[in-house]
Amino acid sequence: MSTATWATADPYTTALRAGRGPLFLRRADGWLLPLEVERWCARADGVDLDVLERCEGAVLDVGCGPGRLVAELAARGRPVLGIDVSETAVDRTVRLGGQALRRSVFDPLPGEGRWGTVLLMDGNVGIGGDPRALLDRAAGLLSPGGLLIAETLPVDVDERVEVQVVDLTLTAGGAFPWARLGTPALLRHASRAGWSAVDQWTAGGRRFVALRSRTASSSAETPKSTAVISSQRPRKPSGESPVAER
Ligand SMILES: C[S@@+](CC[C@H](N)C(=O)[O-])C[C@H]1O[C@@H](n2cnc3c(N)ncnc32)[C@H](O)[C@@H]1O
């Protein structure tokens, strides 16, 4: 799993501390995939805010990085938890006023089976390099019929790769598996895993997919209790918030 690698990738730590790159994922063939450290370290932008408006109930931001989304939701009084394997990312998220835990998404997590929304932003569908495993894990984290919002690549790819985080000096962390998925590929994986696609959109050159997990009774049915968009629901979901439970 990628835990030890992002977490101990010195170039990533250095870039988060500085608030800027350049930083890349380097594929085994030498190809450099730029990472948008400056955007991740900035405040949530309009495209992010549109995503946050779509969130339902308590939100789990998987691979929260330096925490712009967690901080924004927390500032709005929404129940939200970020998780990340990078200590620097978690520290920064907490400094911004969000709650965050240093955990892999594949570790035991608070509120399993009760989250209203899981976020996989900024390419985080790539975590672990196995989209099916990540989708299955997200389904286990969500309440039945819960919402997964994932950012995909603006190109039609479905790729499993070995990568390292590198900076311009080519100082590199360890290699780890990663996946690169466009929207068609994510929809294919999700459909096989029993998810329903509820929306897809493009904004500011970024692409997103919203998926709903199986309900207890059906894989395609929209749950009556959770199909309320965020602007229509009370700020806190009824019942206990998984965020309070840590
Ligand atoms: C592409 S960056 C995304 C940045 C982030 N979404 C943001 O808002 O700044 C991937 C993030 O996922 C984290 N990560 C990698 N593997 C993880 C795992 N197994 N569980 C949780 N987080 C992970 C990395 O430490 C990194 O912060």
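See above for the structure.
Numbering of residues starts from 1 in each chain and follows the order in which that chain's sequence is written. Reporting in this predicted model follows two pLDDT cut-offs: at least 70 for local features of residues, and 80 or more for side-chain atom pairs to be given and counted; totals over whole chains, interfaces and linings ignore these cut-offs and use all residues. Here the side-chain values reflect all heavy atoms present in the structure, with hydrogen atoms and water set aside.

Asks: Explain unusual backbone geometry to me, using residue names and the numbers behind them.
Replies: Peptide bonds are trans in most cases, and residues, glycine excluded, mostly fall at negative phi. Here the amide bond leading from Gly-21 into Pro-22 is cis, since omega sits at 5 degrees, within 30 degrees of zero. Note on conventions: DSSP H or I runs of at least 4 residues are helices, E runs of at least 2 residues are strands, and numbering of each starts at the N terminus. Take Pro-22: it is sitting in the loop between helix H2 (10-18) and strand S1 (23-27). Of note in this structure, Asp-122 is not a glycine but carries a positive phi near 60 degrees. Within the fold, Asp-122 resides in the loop between strand S6 (115-120) and helix H7 (131-141). The phi dihedral of Leu-170 falls on the positive side, at around 65 degrees, and the residue is not glycine. Structurally, Leu-170 can be placed in the loop between strand S8 (158-167) and strand S9 (176-181). Relative accessibility under 20% of the residue-type maximum defines a buried residue, over 50% an exposed one, and the middle range a partly exposed one, all with a 1.4 Å probe and only protein chains included. With a relative accessible area of 47%, Leu-170 lands in the partly exposed category.

Asks: Run through the site of the ligand, naming residues and quoting values.
Replies: Around the ligand sit 20 residues in total, of which Tyr-12, Arg-68, Asp-84, Val-105 and Asp-122 are the nearest. Interatomic distance of 2.7 Å between a side-chain N/O atom of Asp-122 and a nitrogen atom of the ligand. When the free accessible area of the ligand is taken as 600 Å², the share hidden by the protein chains comes to 100%. Three residue categories are used. Nonpolar comprises Ala, Val, Leu, Ile, Met, Phe, Trp, Tyr, Cys and Pro, charged comprises Asp, Glu, Lys and Arg, and polar comprises the others, including Gly. Here the shell around the ligand is composed, by residue class, of 10 nonpolar, 6 polar and 4 charged. Consider each residue's heavy atoms; a residue with any of them within 4 Å of a molecule or strand counts as near. Polar contact is defined as a pair of N or O atoms within 3.5 Å, subject to the rule that within protein one atom must be able to donate a hydrogen and the other to accept it, and that residues adjacent in sequence are counted only when both atoms are side-chain atoms. With residues, only the protein chains shown are counted as cover, and all accessible areas are computed by Shrake-Rupley using a 1.4 Å probe.

Asks: Before we move on, could you go through the packing of H2 against helix H6 (residues 87-95) and cite the residues and values that matter?
Replies: The contact between H2 and H6 brings their axes to 9 Å, and the two run at 20 degrees. Between H2 and H6, the interaxial angle falls into the category roughly parallel. Crossing handedness for the pair H2 and H6: left-handed. Across the interface between the two elements, Thr-13, Leu-16 and Arg-17 from H2 touch Thr-88, Ala-89 and Arg-92 from H6. Residue composition of the contact of H2 with H6, by class: 2 nonpolar, 2 polar and 2 charged. Angles run from 0 to 180 degrees between N-to-C directions of axes, and those axes are lines fitted to C-alpha atoms, restricted for helices to the stretch in contact. Oblique is the label for every angle not falling under 35 degrees (roughly parallel), over 145 degrees (roughly antiparallel), or within 65 to 115 degrees (roughly perpendicular). Here is the rule for handedness: rotate from the far helix to the near one, and if that takes an anticlockwise turn smaller than a right angle the crossing is left-handed, while a clockwise turn gives right-handed. The contact criterion used is simple: two residues touch if any of their non-hydrogen atoms lie within 4.5 Å.

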